[in-house]
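Now for the letters of each chain:
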Amino acid sequence: AFSVHATCLSFLVGLETACMLLARADTPDDALILVCSSEISSRHVDPTDEHVAPLFGDGAAACVVRKASWREGSALHRAHMETYADGASLTEVRGGGTNFPFHRVDDRAAPNPAATREVNHFQMDG
């Protein structure tokens, strides 16, 4: 088991990874892979932001993928995902991580005053 962290693309990346693993010649014919994904976006979306709130919700999905026999001809034929880094600042959560950790570095029990609610909410420009 392993985890794939690809934000809202995690399920698709997990499915593509499972299909690649099943396509390997050394994968047993009876192999099964469980792909499951969940996301809790509501914790990072301001519900009063009419431009962002309707686009994001909490969700979960799961599927079992198996290796198809050569007679079935079933396969993931192509997957393509692309990131446009020049637009990264158009959609972001500035808080968390090392920029604005949720807790003070010198006292993990104390909240970081710089990690405001606004900084920790998803923001979109466009």
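This text goes with the structure placed above it.
Conventions used here
Residues numbered from 1 in each chain as written. Predicted model: local features only at pLDDT ≥ 70, side-chain atom pairs only at ≥ 80, totals over all residues. Heavy atoms only, no water. Helix = DSSP H or I, 4+ residues; strand = E, 2+ residues; numbered from the N terminus. Rg over C-alpha atoms; globule rule 2.2 N^0.38 Å. Salt bridge = Lys/Arg side-chain N within 4 Å of Asp/Glu carboxyl O. Buried < 20%, exposed > 50% of the residue type's maximum accessible area, 1.4 Å probe, protein only. Contact = heavy atoms within 4.5 Å. Expected span 1.5 Å × (residues − 1). Polar contact = N/O pair within 3.5 Å; in protein donor to acceptor, adjacent residues only side chain to side chain. Patch = residues over 30% accessible without salt bridge, like charges linked within 9 Å, V, L, I, M, F, W, Y side chains within 5 Å. Areas by Shrake-Rupley, 256 points an atom, 1.4 Å probe, with all protein chains shown as cover.

S.K.: So what's going on with the overall build of the chain? Residues and values would help.
M.R.: Assigned secondary structure in the chain consists of one helix and four strands. Walking the chain from its N terminus toward its C terminus, one meets helices and strands in the order α-β-β-β-β. Against the 2.2 N^0.38 benchmark of 14 Å for 126 residues, the chain shows a C-alpha radius of gyration of 20 Å, more extended than a compact globule. Its C-alpha atoms give the chain principal-axis dimensions of roughly 60 × 35 × 25 Å.

S.K.: Run through the pattern of salt bridges, naming residues and quoting values.
M.R.: Oppositely charged side chains can form a pair if their charged atoms are brought close together. Taken as a whole and judged by the stated rule, the model has two salt bridges. In this structure, the salt-bridge partner of arginine 24 is aspartate 26, at a minimum N-O distance of 2.7 Å. Here aspartate 26 falls in the exposed class, since its relative accessible area comes to 53%.

S.K.: Describe the environment of glutamine 123, with residues and values.
M.R.: Along the chain, glutamine 123 turns up in strand E4 (residues 123-124). Not counting chain neighbours up to four residues away, the residues in contact with glutamine 123 comprise Leu90, Thr91, Glu92, Arg94 and Glu118.

S.K.: Can you explain the environment of arginine 71? Please cite residues and give values.
M.R.: Tracing the backbone through its elements, the reader meets arginine 71 in the loop between strand E2 (59-66) and strand E3 (91-92). In this structure the C-alpha to C-alpha distance between arginine 71 and serine 42, which are 29 residues apart in sequence, comes to 44 Å.

S.K.: If you had to explain helix H1 (residues 10-23) to someone new, which residues and values would you point to?
M.R.: The periodicity of an α-helix, 3.6 residues per turn, causes residues three or four places apart in sequence to face the same way. Helix length check: H1, at 14 residues, gives a terminal C-alpha distance of 20 Å against a target of 20 Å (1.5 Å per residue), a fit within 8%. Ser10, Gly14, Thr17, Ala18, Cys19 and Leu22 are the residues of H1 that are buried. Packed against the buried residues of H1 are strand E1 (32-39) and E2.

S.K.: Give a detailed account of the side chain of serine 10, specifying residues and quantitative values.
M.R.: Within the fold, serine 10 resides in helix H1. You can call serine 10 buried: its relative accessible area is 14%. In this structure the side chain of serine 10 is engaged in a polar contact, spanning 2.9 Å, whose partner is the backbone nitrogen of alanine 6. Those residues in contact with serine 10 that lie beyond four places of it in its chain are Val4, His5 and Ser37.

S.K.: Mind laying out a nonpolar patch on the surface, listing which residues take part and the relevant values?
M.R.: On the surface, Leu9, Leu12 and Met81 cluster together to form a nonpolar patch covering roughly 230 Å² of accessible area. With respect to the secondary-structure elements, leucine 9 resides in the segment before H1. By relative accessible area, which is 34% here, leucine 9 ends up partly exposed.

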